[in-house]
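Coordinates in review
Listed below, chain by chain, are the residues.
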Amino acid sequence: MMGAYMNIRDHDRKYDYLVVGAGMYGAAIARVLTDQGFRVLVVERKDHIGGAAFTHEEDGIMIYDYGAHIFHTSDERVWDFVRRFADFREYIHEPKAFYKGKLYSLPFNMNTFREMWGITAPQQAKEIIEKQIAASGFAAKEPSNLEEQAIRLVGTDVYEKLIKGYTEKQWGRPCSELPASIIRRIPVRYEYNNHYFDDKYQGLPADGYTAMVSRMLDGVDVMTGTDFLDPANRTELTPLANRIIYSGQIDAYYGYCYGPLEYRGLRFETLHVPEEECFAGGAYQEAAVVNYTDVEVPWTRITEHKLFAEERNVANVTGSIITREYSAKWHPGEDAFYPVADDENRTRYEKYRKLAEQEKEVLFGGRLGSYRYMDMDDVIAAALSDAGMMI
Ligand SMILES: Cc1cc2nc3c(=O)[nH]c(=O)nc-3n(C[C@H](O)[C@H](O)[C@H](O)COP(=O)(O)OP(=O)(O)OC[C@H]3O[C@@H](n4cnc5c(N)ncnc54)[C@H](O)[C@@H]3O)c2cc1C
């Protein structure tokens, strides 16, 4: 039963598994266990399912409430699994970057270099980048921060225009104070190819992620608006199942006993843009997602939702709906988005992980339970293999 609140006291059924969190991980593992004949109860703190991939429809436009989500995978098992719950239509992601009034192609490829330097041959781009790296003096030494690391990988122009401001907004700190380890490699393509992802399968569920997750949870008992960590809920819910699969924040599960793990937060501002502010063709911007890479613009990116639609322009809509995404300081209790994977947080997470390892009846999973950034296909792959281990 979806969306409705079941009264726990009236509910004397015993479950094999209690899954905490109705995001992609919780829904996928609940599905597999249910298919195996287990009785599963899913509890979700929010009043909706889908977690960070939640979508809803407005004026015929699919809105990505927590930022644009593009499904991409090369894992056949994951691709077969998700297509049980949604018709996927092909969508190739080609975002743009906007820096001081000019648009650049992403990811960094010959289109970007043509836009930046007016050159057309890959050799010319290689030479410019290599020259800038050599002039920086960072090539030969071990990078001591993100700035040095980025410049030694792509040179100064790409760094200054397309990486620096965006990264500083995203992490709320100067690149010279961020660890080099955040950027291990920066994909640079010396070919004309704007496809953001390389994966074999890429697309969007035709009727949105919420509908897809809802189908995954078909026949599973789901309680929304129920925070498992609320002491009264925890006391009542825990005895209902033999085992718990927990996809919330691992530090919260343990009452932050080693201190909170740090995240970056996001703030979303959704606006209806009147038709007169859209350019010819009815769109507000040139791509479904535009990253704003200068530090003066407060948002990190703008998503124009109708540009994900197959026809790009939805017939019954005048104007457009856009979401500005702002990176924000995060406080415990708020929605957690990007783990801050510096040494201090990694060490703290290790302590929580050791506690989790000792649990016999509780499995931690998903992006929050594992304290790491994971794409949707990663959490689904993890759910499929975790379910295999639980059985
Ligand atoms: C801005 C942004 C853009 C992204 N874009 C992409 C993309 O383009 N492609 C891609 O593949 N991936 C993308 N991702 C990653 C994607 O969001 C994750 O892979 C996916 O949402 C992880 O699913 P999950 O179930 O692990 O976590 P979540 O989606 O966070 O679900 C966890 C659920 O647990 C619930 N919960 C937590 N604590 C409790 C509690 N105590 N009691 C009850 N419920 C609780 C939460 O409310 C939440 O619904 C993006 C992520 C972000 C932040």
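Check the entry above for the structure.
Computed from a prediction, not measured in an experiment: that's the story for all the values here. (Residues numbered from 1 in each chain as written. Predicted model: local features only at pLDDT ≥ 70, side-chain atom pairs only at ≥ 80, totals over all residues. Heavy atoms only, no water.)

Within the open sheet, the 7 strands sit side by side as β8-β7-β13-β14-β15-β12-β16. Their pairing is mixed. With one partner strand each, in any of the chains shown, β8 (102-105) and β16 (338-339) form the two edges of the open sheet. Set on the sheet, helix α6 (residues 156-171) makes contact with β7 (96-99), β8, β12 (263-273), β13 (289-292), β14 (301-304), β15 (320-329) and β16; between it and β7 the angle comes to about 90°. (Pairing = 2+ DSSP bridges. Helix = DSSP H or I, 4+ residues; strand = E, 2+ residues; numbered from the N terminus. Contact = heavy atoms within 4.5 Å. Axes fitted to C-alpha atoms, helices over the stretch in contact; angles between N-to-C directions.)

What follows covers the sheet that holds strand β10 (residues 221-223). Here we have 5 strands laid out as an open sheet, ordered β10-β2-β1-β11-β17, and parallel in their pairing. The open sheet has two edge strands with one neighbour each: β10 and β17 (362-364). Pairs of neighbouring strands in the sheet enclose a mean axial angle of 20°, with direction left out of account. As paired strands, strand β1 (residues 15-20) and strand β2 (residues 40-43) are joined by 4 bridges and run parallel to one another. Paired with Val 20 across the bridge in β2 is Val 43.

For the rest of this paragraph, the subject is the side chain of Thr 112. Along the chain, Thr 112 turns up in helix α3 (residues 110-117). Among the polar contacts listed, one links the side chain of Thr 112 to the backbone oxygen of Pro 107, at a separation of 3.4 Å. When near neighbours in sequence (up to four residues on either side) are disregarded, Thr 112 contacts Tyr 104, Ser 105, Pro 107 and Leu 162. (Polar contact = N/O pair within 3.5 Å; in protein donor to acceptor, adjacent residues only side chain to side chain.)

This next bit is on the packing of helix α1 (residues 24-35) against helix α7 (residues 209-216). To describe two helices that pack against each other, one gives the angle between their axes and the distance between the axes. Axis separation between α1 and α7 bottoms out at 9 Å; the angle between their running directions is 30°. Classed by the angle they form, the pair α1 and α7 counts as roughly parallel. Every residue of α7 that contacts α1 at Met 24, Ala 27, Ala 28 and Arg 31 is listed here: Tyr 209, Met 212, Val 213, Arg 215 and Met 216. For the contact of α1 with α7, a count of residues per class yields 7 nonpolar, no polar and 2 charged. (Parallel < 35°, antiparallel > 145°, perpendicular 65-115°, else oblique. Nonpolar A, V, L, I, M, F, W, Y, C, P; charged D, E, K, R; others polar.)

Leu 18, Phe 108, Phe 113, Val 158, Ile 163, Phe 228 and Tyr 246 are the most contacted members of the largest nonpolar core, which totals 55 residues. Here this core gets 5 residues from one element, more than from any other, and that element is α6. Here this core gathers at least three residues from each of two domains, domain 1 (8-91 + 201-261 + 340-390) and domain 2 (107-182). Beyond its immediate chain neighbours, meaning those up to four positions away, Val 158 contacts Phe 108, Phe 113, Met 116, Trp 117 and Ile 163. Judged by nonpolar contacts, the second largest core, of 54 residues, contains Ala 22, Val 32, Val 40 and Val 213. (Core = buried A, V, L, I, M, F, W, Y, C linked by side-chain atoms within 4.5 Å. Buried < 20%, exposed > 50% of the residue type's maximum accessible area, 1.4 Å probe, protein only. Domains from an automatic or database assignment.)

On to α7, then. What α7 keeps buried is the set Tyr 209, Thr 210, Met 212, Val 213 and Met 216. Along the axis of α7, the buried residues cluster in a sector spanning 160°; they form a single face. (Arc of directions from axis to C-beta.)

Let us now look at the site of the ligand. Around the ligand lies a shell of 34 residues, among which Glu 44, His 69, Ile 70, Met 374 and Met 376 are the nearest. Measuring from an oxygen atom of the ligand, one finds a backbone N or O atom of Ala 52 at 2.9 Å. Protein contact buries 96% of the 990 Å² of open area that the ligand shows by itself. At 3 residues, the largest contribution of residues to the shell around the ligand is made by helix α11 (residues 366-369). Among the residues forming the shell around the ligand, the class breakdown is 18 nonpolar, 8 polar and 8 charged. (Near = heavy atom within 4 Å. Areas by Shrake-Rupley, 256 points an atom, 1.4 Å probe, with all protein chains shown as cover.)

Turning our attention to the packing of aromatic side chains. Given two aromatic rings, one states the distance between the centres and the angle between the planes to describe the pair. One pass over the full model with this rule turns up 31 aromatic pairs. Their ring planes at 55° and their centres at 4.9 Å tell us that Tyr 64 and Phe 308 sit as a pair that is tilted. Of the two residues, Tyr 64 is situated in strand β4 (residues 61-64) and Phe 308 in the loop between β14 and β15; the sequence distance between them amounts to 244 residues. Each member of the pair, Tyr 64 as well as Phe 308, carries the same accessibility label: buried. The positively charged end of Lys 126 is found above the aromatic ring belonging to Tyr 190, 5.1 Å away from the centroid. Its end group placed over the ring of Tyr 253, Arg 234 keeps NZ or CZ at 4.5 Å from the ring centre. (Phe/Tyr/Trp six-rings, centres within 6.5 Å; stacked < 30°, edge-to-face > 60°. Lys NZ or Arg CZ within 6 Å of the ring centre and 35° of its normal.)

Now for the pairing of β13. Going residue by residue along β13, you find Val 289 and Asn 291 tucked away on one face and Val 290 and Tyr 292 tucked away on the opposite face as well. Pairing between β7 and β13: 3 bridges, direction parallel. Note on β13: the bridge partner recorded for Phe 98 is Tyr 292. The sheet contact formed by β13 and β14 spans 3 bridges and is antiparallel. Bridging from a neighbouring strand, Asn 291 pairs with Arg 301 of β14.

With that settled, the discussion passes to the environment of Thr 300. Along the polypeptide, Thr 300 turns up in the loop between β13 and β14. With a relative accessible area of 4%, Thr 300 lands in the buried category. Between the alpha carbons of Thr 300 and Tyr 166 there is a distance of 6.2 Å; along the sequence they are 134 residues apart. With residues up to four places along the chain from it excluded, the contact list for Thr 300 reads Tyr 166, Lys 169, Gln 170, Val 290, Asn 291, Tyr 292, Glu 325, Tyr 326 and Ser 327.

Moving on, we come to the environment of Arg 367. Examined against the element boundaries, Arg 367 turns out to sit in helix α11. Residue Arg 367 is classed as partly exposed on the basis of its relative accessible area of 25%. Separated by 28 residues in sequence, Arg 367 and Pro 339 place their C-alpha atoms 9.1 Å apart. Here the side chain of Arg 367 touches Phe 337 through a polar contact of 2.9 Å, landing on its backbone oxygen.

Before going further, it helps to spend a moment on the pairing of strand β9 (residues 201-205). With 5 of 5 residues buried, β9 lies mostly within the body of the structure. Residues Tyr 201, Gly 203 and Pro 205 line one face of β9 and the alternating positions Gln 202 and Leu 204 line the opposite face, and both faces are buried. Across 3 bridges, the pairing between strand β5 (residues 71-73) and β9 is antiparallel. Bridged to His 72 within β9 is Gln 202. Two strands pair when backbone bridges link them, and strand β6 (residues 88-90) and β9 are joined in this way by 3 bridges, in the antiparallel orientation.

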